[in-house]
Amino acid sequence: MSASKRDELVAKAKDIFYREGFHATGMDRLVAVTGISKTSMYNHFRTKDELILAALEWRHRELYTRLTKRTEELATEAKDRLLASFDSLREWVESDEFNSCMFIKASSEYPDPEHPVRKVAAEHKRLVRSYLTDLAKDAGARDPEELATQLFLLKEGAVISAYMEGNADIVAAARSAAVTLIETALADS
């Protein structure tokens, strides 16, 4: 399978897994949607889990790039970027693409913390929190890791609530709470 065919398969599989779930999506469904034969799939991915891992890694690059790039487009100062990350989140939640968080879904379907799928999902979340920590450090927060964790939890809760309630306005409430947390964290520094 050529690199472009592999990328096409991973991109399509990512979309299917995101919409329909990991366990619920069988190889026959992937064949039907992607138009790529099982033989070709198995020539490149020995197992469905390998394809899931590739799809999660692809999704990580998409979301992480969107978060960092859009946040930096929206604000130049570190303090403002902390809040802009919520604006970026709201844009995603309001988009037609939004269907909750693929990494939360993966963690739910793969509860064993040692499973490679669960590890990739956890690593994505760690990297997002690390990005927030870097922003908090740049903004001069007294305890950047604590602030980043608080903001991360707000973001995660907003994603879940927005999805479950079908209400993107929940992100505005999370952003409002973030203002208070950021002001407190910076005032104490």
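Rules used in this analysis
- Residues numbered from 1 in each chain as written.
- Predicted model: local features only at pLDDT ≥ 70, side-chain atom pairs only at ≥ 80, totals over all residues.
- Heavy atoms only, no water.
- Salt bridge = Lys/Arg side-chain N within 4 Å of Asp/Glu carboxyl O.
- Helix = DSSP H or I, 4+ residues; strand = E, 2+ residues; numbered from the N terminus.
- Buried < 20%, exposed > 50% of the residue type's maximum accessible area, 1.4 Å probe, protein only.
- Arc of directions from axis to C-beta.
- Core = buried A, V, L, I, M, F, W, Y, C linked by side-chain atoms within 4.5 Å.
- Contact = heavy atoms within 4.5 Å.
- Polar contact = N/O pair within 3.5 Å; in protein donor to acceptor, adjacent residues only side chain to side chain.
- Phe/Tyr/Trp six-rings, centres within 6.5 Å; stacked < 30°, edge-to-face > 60°.
- Axes fitted to C-alpha atoms, helices over the stretch in contact; angles between N-to-C directions.
- Parallel < 35°, antiparallel > 145°, perpendicular 65-115°, else oblique.
- Nonpolar A, V, L, I, M, F, W, Y, C, P; charged D, E, K, R; others polar.
- Expected span 1.5 Å × (residues − 1).

Trainee: Honestly, the pattern of salt bridges in this entry has me stumped. Any pointers?
Mentor: Two side chains with opposite charge may pair up if their charged atoms get near one another. One pass over the structure, following the stated rule, counts 18 salt bridges. The closest approach of N and O atoms between Lys14 and Glu62, which form a salt bridge, is 3.2 Å. Here Glu62 lies in helix α4 (residues 48–74) and Lys14 lies in helix α1 (residues 3–20), a separation of 48 residues in the sequence. Here Glu62 falls in the partly exposed class, since its relative accessible area comes to 31%.

Trainee: Just to check I follow, could you spell out helix α6 (residues 102–109) for this structure?
Mentor: Among all positions in α6, only Met102, Phe103, Lys105 and Ala106 are buried. Buried residues in α6, looked at end-on, bunch into an arc of 155 degrees, giving them a common side.

Trainee: Help me understand the nonpolar core, please; the structure alone is not making it clear to me.
Mentor: In a soluble, globular protein the nonpolar side chains are often hidden away together inside. Formed by 55 residues in total, the largest nonpolar core has its most connected members in Phe17 and Leu56. Sorting the residues of this core by element identifies α1, α2 (27–34), α4, α5 (78–94), α6, α7 (116–139), α8 (144–165) and α9 (170–187) as the ones contributing at least two each.

Trainee: Help me out: how do you make sense of the environment of Leu56 in this one?
Mentor: Inspection of the secondary structure puts Leu56 in helix α4. For Leu56, a relative accessible area of 0% translates into the label buried. A sequence separation of 47 residues divides Leu56 from Phe103, and the C-alpha atoms of the two residues are 7.5 Å apart. Other than its neighbours up to four places away in sequence, Leu56 contacts Phe22, Met102, Phe103, Ala106, Val117 and Val120.

Trainee: Would you mind showing me how to read the side chain of His124 here?
Mentor: Within the secondary structure layout, His124 lies in helix α7. In this structure the side chain of His124 is engaged in a polar contact, spanning 2.8 Å, whose partner is the side chain of His60. With near-sequence residues (within four places) excluded, His124 lies in contact with His60, Leu63 and Phe103.

Trainee: What's the story with the packing of aromatic side chains in this structure? I'm lost.
Mentor: For any pair of aromatic rings, the description consists of the separation of the ring centres together with the inter-plane angle of the planes. The final tally for this structure, using the stated rule, is five aromatic pairs. Taking 6.3 Å as the distance between ring centres and 80 degrees as the angle between the ring planes, the aromatic pair formed by Phe98 and Tyr163 counts as edge-to-face. One end of the pair, Phe98, is in the loop between α5 and α6; the other, Tyr163, is in helix α8, with 65 residues separating them in the sequence. Taking relative accessible area as the criterion, Phe98 reaches 14% and is therefore assigned buried.

Trainee: Help me understand the packing of α5 against α7, please; the structure alone is not making it clear to me.
Mentor: In helix packing, the relevant descriptors are the interaxial angle and the interaxial distance, both defined with respect to the helix axes. Running from N to C, α5 and α7 cross one another at 150 degrees; their axes reach a closest spacing of 7 Å. As far as their axial angle goes, α7 and α5 are roughly antiparallel. When α5 is examined against α7, the residues Ala78, Lys79, Arg81, Leu82 and Ser85 are found in contact with a partner set consisting of Leu132, Leu135, Ala136, Asp138 and Ala139. When grouped by side-chain class, the residues that make up the contact of α5 with α7 number six nonpolar, one polar and three charged.

Trainee: Looking at this model, I keep getting lost on unusual backbone geometry. Mind explaining?
Mentor: Leave glycine aside and you will find that most residues have negative phi; peptide bonds, for their part, are mostly trans. Positive phi outside glycine occurs at Ser100, with the angle close to 70 degrees. Structurally, Ser100 is set in the loop between α5 and α6.

Trainee: Hey, could you run me through α7 in this one?
Mentor: With 24 residues, α7 should cover 34 Å at 1.5 Å per step; its first-to-last C-alpha distance of 35 Å lies within 8% of that length. For α7, the set of buried residues is Val117, Val120, Ala121, His124, Lys125, Val128, Tyr131, Leu132, Thr133, Leu135 and Ala136. For α7, the elements touching its buried residues are α4, α5, α6 and α8. Gly140 sits one or two residues past α7 and shows a positive phi near 90 degrees.

Functional significance is not addressed by these values, which are geometric in nature.
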